[in-house]
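Commentary on secondary and tertiary structure
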Amino acid sequence: MSAYLVIDIAISNPENFKEYENKIFDVMAHFGGRPIVHDSSVTTMEGDWQPKRLVILEFPNKPSIEAFYNSKMYEPLKKIRWANSTGKAIVVEGL
């Protein structure tokens, strides 16, 4: 069953964040992941959630997301992301 990594991210240093953006897709693909949503102009329909940039990544299952997130391949990219952005992320299963 597919699983999704849902991310709300605010980029504080776009220039330095480009290194992350240039490398993340290859690492994600190694674990079967692919981007399906990337939107900086989200429309809020209810509540007060105002994402800065909403990203949804699809993976084959939750263990694939955990393997990606905890991998040695992703570790240096996490450090770049943490230094140049703030965010929130959740993992959900598809139907």
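Located above this text is the structure these notes cover.
Worth saying up front: this structure is predicted, and the values here are computed from it rather than measured. (Residues numbered from 1 in each chain as written. Predicted model: local features only at pLDDT ≥ 70, side-chain atom pairs only at ≥ 80, totals over all residues. Heavy atoms only, no water.)

Describing the side chain of Ser85
- One can find Ser85 in strand E4 (residues 85–93).
- A polar atom in the side chain of Ser85 sits 2.7 Å from the backbone oxygen of Arg81.
- Beyond its immediate sequence surroundings of up to four residues, Ser85 is in contact with Ile9, Ala10, Ile11, Ser12 and Phe17. (Helix = DSSP H or I, 4+ residues; strand = E, 2+ residues; numbered from the N terminus. Polar contact = N/O pair within 3.5 Å; in protein donor to acceptor, adjacent residues only side chain to side chain. Contact = heavy atoms within 4.5 Å.)

Quick look at the packing of aromatic side chains
- All chains considered together, the criterion is met by 6 aromatic pairs.
- Aromatic side chains Phe17 and Tyr20 sit 5.0 Å apart centroid to centroid with 35° between the ring planes, which places their arrangement in the tilted category. Within this pair, Phe17 and its partner Tyr20 are both found in helix H1 (residues 14–30), separated by 3 residues, close to a single helical turn. The pair formed by Phe17 and Tyr20 is uniform in burial state, with each residue classed as buried.
- For the ring pair Phe59 and Phe68, a centre distance of 5.3 Å and an interplane angle of 35° mean the geometry is tilted.
- Put simply, the rings of Phe17, Tyr20, Phe31, Phe59, Phe68, Tyr69 and Tyr74 touch in pairs and so form one group of aromatic residues.
- Residue placement shows Lys78 over the ring face of Tyr69; its charged tip is 4.0 Å from the ring centre. (Phe/Tyr/Trp six-rings, centres within 6.5 Å; stacked < 30°, edge-to-face > 60°. Buried < 20%, exposed > 50% of the residue type's maximum accessible area, 1.4 Å probe, protein only. Lys NZ or Arg CZ within 6 Å of the ring centre and 35° of its normal.)

Concerning the nonpolar core
- Tyr20, Ile24, Leu57, Phe59, Phe68, Tyr74 and Leu77 are the most contacted members of the largest nonpolar core, which totals 18 residues.
- Of all the secondary structure elements, the ones that give two or more residues to this core are strand E1 (3–11), H1, strand E3 (54–59), helix H2 (62–69) and helix H3 (75–84).
- Counting residues per element, this core draws most heavily on H1, at 5 residues.
- Beyond its immediate chain neighbours, meaning those up to four positions away, Leu77 contacts Tyr20, Lys23, Ile24 and Val27. (Core = buried A, V, L, I, M, F, W, Y, C linked by side-chain atoms within 4.5 Å.)

A closer look at the environment of Phe59
- Topologically, Phe59 is positioned in strand E3.
- Each C-alpha atom of the pair Phe59 and Met1 lies 9.0 Å from the other, and the pair is 58 residues apart in sequence.
- Phe59 has contacts with Ser2, Ala3, Met28, Phe31, Gly32, Gly33, Ser64, Ile65 and Phe68, leaving out every residue within four places of it along the chain.

Focus: the pairing of E1
- Sheet analysis places E1 next to E3, joined by 6 bridges and oriented antiparallel. Opposite Tyr4, over in E3, you have Glu58 as the bridge partner.
- Bridge analysis of E1 against E4 gives 9 bridges, and the strand direction is antiparallel. Bridging from a neighbouring strand, Asp8 pairs with Lys88 of E4. (Pairing = 2+ DSSP bridges.)

As for the layout of surface pockets
- The space that makes up the largest pocket amounts to roughly 450 Å³.
- Lining the largest pocket are 26 residues, and of these Ile7, Tyr20, Val55, Leu57 and Arg81 lie nearest its centre.
- Where the lining of the largest pocket is concerned, the elements lending two or more residues are E1, H1, strand E2 (34–39), E3, H2, H3 and E4.
- The greatest single-element share of the lining of the largest pocket, amounting to 6 residues, is contributed by H1. (1 Å grid on protein atoms, 1.4 Å probe; cavity = no way out; pocket = protein on both sides within 12 Å on 5 of 7 lines; lining within 4 Å. Points joined across faces, edges and corners; volume = space filled by probe spheres on them.)

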